[in-house]
Amino acid sequence: MRISLIGGVERNEQALEAIASSLGHKLDFHGGHMKGRGVDDLHRQIDRADLVVVATNVNSHGAAQLARKLARKRDVPFVMTTSCNPTRFRELLTSLDGQRKAA
């Protein structure tokens, strides 16, 4: 599954990618920056995502709103979470994988 993570602490990007990969997923990270190519990058990421995760504690309000709007428009499942540190991210993916296997 391709996961688009919007927001979060950028220094954790490599750790989050490693966690996603270890669980069989591909992670696209977007820092939530909306200036320059940020909006276009957000559109492209969500267009190819199977799941959108939005971290709200270190994210711009505009990026969170746009990510939610685009995910709904594309009918892509999304999760809003306060934080998304590596521990929380692993728990989230493990929980989602468990739900998918049970279904």
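Values in this document were obtained by computation on a predicted structure and should not be read as measured data. (Residues numbered from 1 in each chain as written. Predicted model: local features only at pLDDT ≥ 70, side-chain atom pairs only at ≥ 80, totals over all residues. Heavy atoms only, no water.)

A.B. asks: Describe the overall build of the protein chain, with residues and values.
C.D. replies: If you tally the helices and strands in the protein chain, you get four helices and four strands. Ordered by position in the sequence, the α and β elements of the protein chain form the string β-α-β-α-β-α-β-α. The globule rule puts the C-alpha radius of gyration for 103 residues at 13 Å, and the 13 Å found for the protein chain is close to it. Dimensions along the principal axes, computed over C-alpha positions, put the protein chain at roughly 40 × 30 × 20 Å. For the protein chain, the proportion of its 103 residues judged to be buried stands at 42%. (Helix = DSSP H or I, 4+ residues; strand = E, 2+ residues; numbered from the N terminus. Rg over C-alpha atoms; globule rule 2.2 N^0.38 Å. Buried < 20%, exposed > 50% of the residue type's maximum accessible area, 1.4 Å probe, protein only.)

A.B. asks: How would you explain the sheet that holds strand β1 (residues 2-6) if you had to name every residue and give the values?
C.D. replies: Taken in spatial order, the four strands of this open sheet run β2-β1-β3-β4, and their pairing is parallel. The open sheet has two edge strands with one neighbour each: β2 (26-30) and β4 (78-81). The average angle at which neighbouring strand axes cross in this sheet is 20 degrees, direction not considered. Two elements, β1 and strand β3 (residues 51-55), share four bridges in a ladder whose sense is parallel. By the bridge assignment, Ser4 is partnered in β3 with Val52. (Pairing = 2+ DSSP bridges. Axes fitted to C-alpha atoms, helices over the stretch in contact; angles between N-to-C directions.)

A.B. asks: So what about the packing of helix α2 (residues 38-47) against helix α3 (residues 61-74)? Which residues, and what values?
C.D. replies: It is at 10 Å that the axes of α2 and α3 come closest, and there the two elements cross at 35 degrees. Of the two elements, α2 crosses α3, and the hand of that crossing is right-handed. In this structure, α2 contributes Val39, Leu42, His43, Ile46 and Asp47 to the contact, and α3 contributes Ala63, Leu66, Ala67, Leu70, Ala71 and Arg74. Residue composition of the contact of α2 with α3, by class: eight nonpolar, one polar and two charged. (Left-handed = near helix turned anticlockwise from the far one by under 90°. Contact = heavy atoms within 4.5 Å. Nonpolar A, V, L, I, M, F, W, Y, C, P; charged D, E, K, R; others polar.)

A.B. asks: An account of α2 is needed here, citing residue identities and associated values.
C.D. replies: Buried residues of α2: Gly38, Leu42, Gln45 and Ile46, and no others. Taken down its axis, α2 places every buried residue within 90 degrees of arc, on the same side. Its buried side turned inward, α2 meets β1, β2, β3 and α3. (Arc of directions from axis to C-beta.)

A.B. asks: Please give an account of the pattern of salt bridges that cites residues and values.
C.D. replies: Taken as a whole, this structure holds three salt bridges when the rule is applied. In this structure, the salt-bridge partner of Arg2 is Asp28, at a minimum N-O distance of 2.9 Å. Note that Arg2 is positioned in strand β1 and Asp28 in strand β2, a separation of 26 residues in sequence. Residue classification places Asp28 among the buried positions, given a relative accessible area of 9%. (Salt bridge = Lys/Arg side-chain N within 4 Å of Asp/Glu carboxyl O.)

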